Amino acid sequence: MEEYLMGKLCKGSWVFGVFVVISSFLFIYPSFAGQSVISTAVPANHTYNSRSPAIVFIDDIIGYSFYAADNGNCYVRKTQNGGTIWEEPVDLNGSLSSCTGPVVWYDQWTPGDNSGDMIYVVFADEQTDEMYLQILDTSIGSLVHVPEPVAITNISATHGMQDISQYAISKSTTDVLYVGLNDNDGSMVLSCPYNLDPANCDSVSEFTNIGVGLLDDVKQDEVKLMPLDSGDMLLIRRDYSQNDVDSKVYHVGSMNWDSQWTDIDTSASASTGFRNAISAVVNKTTHDVYMCYTEKPNASGAVIHTAIFSGGSWTHKANVITEDKSQQCQISYDETTGDIYVSRIEQDTTANFREISLHVSSDGMNSWQDLQRISETRDDFRTLAMNPHADKNI
């Protein structure tokens, strides 16, 4: 498979970039003028790189791409020129040999944190059947946990981790790390009081399961974790067995989850063959959460829906597209302008020929404009990711 960064759209002082997996390479498209290769050695099975977010830009030019390679390792590569050139890959998983793919959270994606330097990376290993945490300190450009990442679970006796296992990581406004896991063999939500010190979350004993039996573990439902105000955490689930999208809030004051799931959409047909069809980002000023999700991905009549979580409830907003064979969607928010961006993979009428399109809303997702196609050609695009905060880079 290939991995691309699908372009940088210059807009004032920021740059846009999307990475895409295709066949055997990971690419970036800088300035929509050409593509740059991140890796030529990613797995043919694209599910290893189907989780998001997996790309972080900390300013206009410095970014990090996290990915699974075809040798069983997970890597991070750094760019210091906005995605045109990528430095040598750095191994995230130490002596582990079967990384299922990384997903990340950056300190400054959390409301109230405007100076944090850490990128938290979570992944599983198919040989040990455990979950692991690695941390990248962007202030010095080095990994915190060397030579080995930190094991944060002790579940190998009951779990068989695999490429389609679903997980997410986030950091609350009270500096607590949360990790959600959903797998055929069970589910959990882990928490650890990080408190700006990696030593506080450097062993499995420091992670507490606060979500025993919370998730449906039948079909590896996709999960997202979004920080709310007062330290609360929003859990969003794409429920494949029920074809719906719903959410629950963890209330840190009472240390309890909502008693019932809140329905967002009860008729959002899904496909386990086309994951990464849900994406969310938090507004750092208002704590509102913006979300996109694809109904009937890769089928005729596919719809990309949007919704906003504000004041404790969900409101549906305008669809990005309807009646189109779209697969995945990714969403990003510009804190400076208020613009919201959605990128998507669009299936052509010919099998295995797809293109990547970008859309923008300047009115809070009440309407959408087709900004432009950002893929140079139609090809076998399989998965994509965007930096969630467009005021840095997408």
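Here, the structure is the one placed above.
Residues numbered from 1 in each chain as written. Predicted model: local features only at pLDDT ≥ 70, side-chain atom pairs only at ≥ 80, totals over all residues. Heavy atoms only, no water.

Student: Mind laying out the side chain of H389, listing which residues take part and the relevant values?
Tutor: Note that H389 resides in the segment after β31 (381-386). The contact partners of H389, leaving out residues within four places of it in the chain, are W109, V281, V282, K284, S332, Y333 and E335. (Helix = DSSP H or I, 4+ residues; strand = E, 2+ residues; numbered from the N terminus. Contact = heavy atoms within 4.5 Å.)

Student: Give me the lowdown on the environment of P102, citing residues and values where you can.
Tutor: Along the chain, the position of P102 falls in the loop between β8 (90-91) and β9 (103-106). In this structure P102 comes out as buried when scored by relative accessible area, which is 4%. When the C-alpha atoms of P102 and V122 are compared, they prove to be 5.7 Å apart, with 20 residues separating the residues in sequence. Beyond its immediate sequence surroundings of up to four residues, P102 is in contact with R51, A54, F66, Y67, A68, C74, V121, V122 and F123. (Buried < 20%, exposed > 50% of the residue type's maximum accessible area, 1.4 Å probe, protein only.)

Student: Hey, could you go over the sheet that holds strand β26 (residues 313-321) for me, with residue numbers and the actual values?
Tutor: Spatial ordering of the open sheet is given by β23-β24-β25-β26, a layout of four strands whose pairing is antiparallel. At either margin of the open sheet sits one strand with a lone partner, and together these are β23 (278-282) and β26. On average, each strand axis in the sheet is tilted by 20 degrees relative to the strand beside it, whichever way the strands run. (Pairing = 2+ DSSP bridges. Axes fitted to C-alpha atoms, helices over the stretch in contact; angles between N-to-C directions.)

Student: Give a description of the sheet that holds strand β7 (residues 74-79) that names residues and reports values.
Tutor: The strands that make up a sheet are held in pairs by hydrogen bonds between backbone atoms, and each pair lies either parallel or antiparallel. The four strands are arranged β5-β6-β7-β8 in an open sheet whose pairing can be described as antiparallel. Because the sheet does not close on itself, it has two edges, and the strands there are β5 (55-57) and β8. Relative to strand β6 (residues 63-68), β5 runs antiparallel, the two sharing three bridges. For F57, the partnering residue across the bridge sits in β6 and is G63.

Student: An account of the pattern of salt bridges is requested, with residue identities and associated values reported.
Tutor: For the coordinates displayed, the defined rule picks out five salt bridges. Here K171 and D107 are joined by a salt bridge, their closest N and O atoms 2.8 Å apart. Of this pair, K171 sits in strand β14 (residues 166-171) while D107 sits in the loop between β9 and β10 (118-125), and the two are 64 residues apart along the sequence. Among the residues examined, K171 registers a relative accessible area of 2% and is labelled buried. Put simply, D113 and K171 hold a salt bridge, and the shortest N to O gap is 2.6 Å. With D113 in the loop between β9 and β10 and K171 in strand β14, the pair connects residues that are 58 residues apart, well separated along the chain. We classify D113 as buried; its relative accessible area is 11%. One continuous salt-bridge network, built from bridges that share partners, spans D107, D113, K171 and D175. (Salt bridge = Lys/Arg side-chain N within 4 Å of Asp/Glu carboxyl O.)

Student: How would you explain the pairing of β10 if you had to name every residue and give the values?
Tutor: Side-chain positions along a regular strand alternate between the two faces of the sheet. Taking burial as the measure, the eight residues of β10 include eight buried ones, the bulk of the element. In β10, alternate side chains face the same way, and those of M118, Y120, V122 and A124 on one face and I119, V121, F123 and D125 on the other are all buried. Two strands pair when backbone bridges link them, and β9 and β10 are joined in this way by four bridges, in the antiparallel orientation. Residue pairing in the sheet places V103 in a bridge with V122 of β10. For β10 and strand β11 (residues 130-137), the ladder comprises eight bridges, and the chain directions are antiparallel. Opposite F123, over in β11, you have Y132 as the bridge partner. Counting the residues that bridge the hairpin from β10 to β11 gives four residues, and of these D129 lies at a positive phi of roughly 60 degrees.

Student: Go over the packing of aromatic side chains with me, naming the residues and quoting the values.
Tutor: Per the counting criterion, the structure on display carries nine aromatic pairs. Aromatic pair Y67 and Y75: ring centres 6.0 Å apart, planes at 40 degrees, arrangement tilted. Residue classification places Y67 among the buried residues on the basis of a relative accessible area of 2%. A residue is classified by how much of its surface remains accessible, and Y75, at 14% relative accessible area, is buried. Judged by centre distance (6.0 Å) and plane angle (20 degrees), the rings of F123 and Y132 are stacked. In textbook terms, an aromatic cluster arises when at least three aromatic residues are bridged by ring pairs, as seen for W105, Y106 and W109. (Phe/Tyr/Trp six-rings, centres within 6.5 Å; stacked < 30°, edge-to-face > 60°.)

Student: So what's going on with the pairing of β6? Which residues, and what values?
Tutor: Of all the six residues making up β6, six are buried; the element is thus mostly covered by neighbouring parts of the structure. Residues of β6 alternate between two faces, with G63, S65 and Y67 on one and Y64, F66 and A68 on the opposite face, all of them buried. Where β5 hands over to β6, the hairpin turn is made up of five residues, counted between the paired strands. When β6 meets β7, the two strands line up antiparallel, connected through six bridges. Residue pairing in the sheet places Y67 in a bridge with Y75 of β7.

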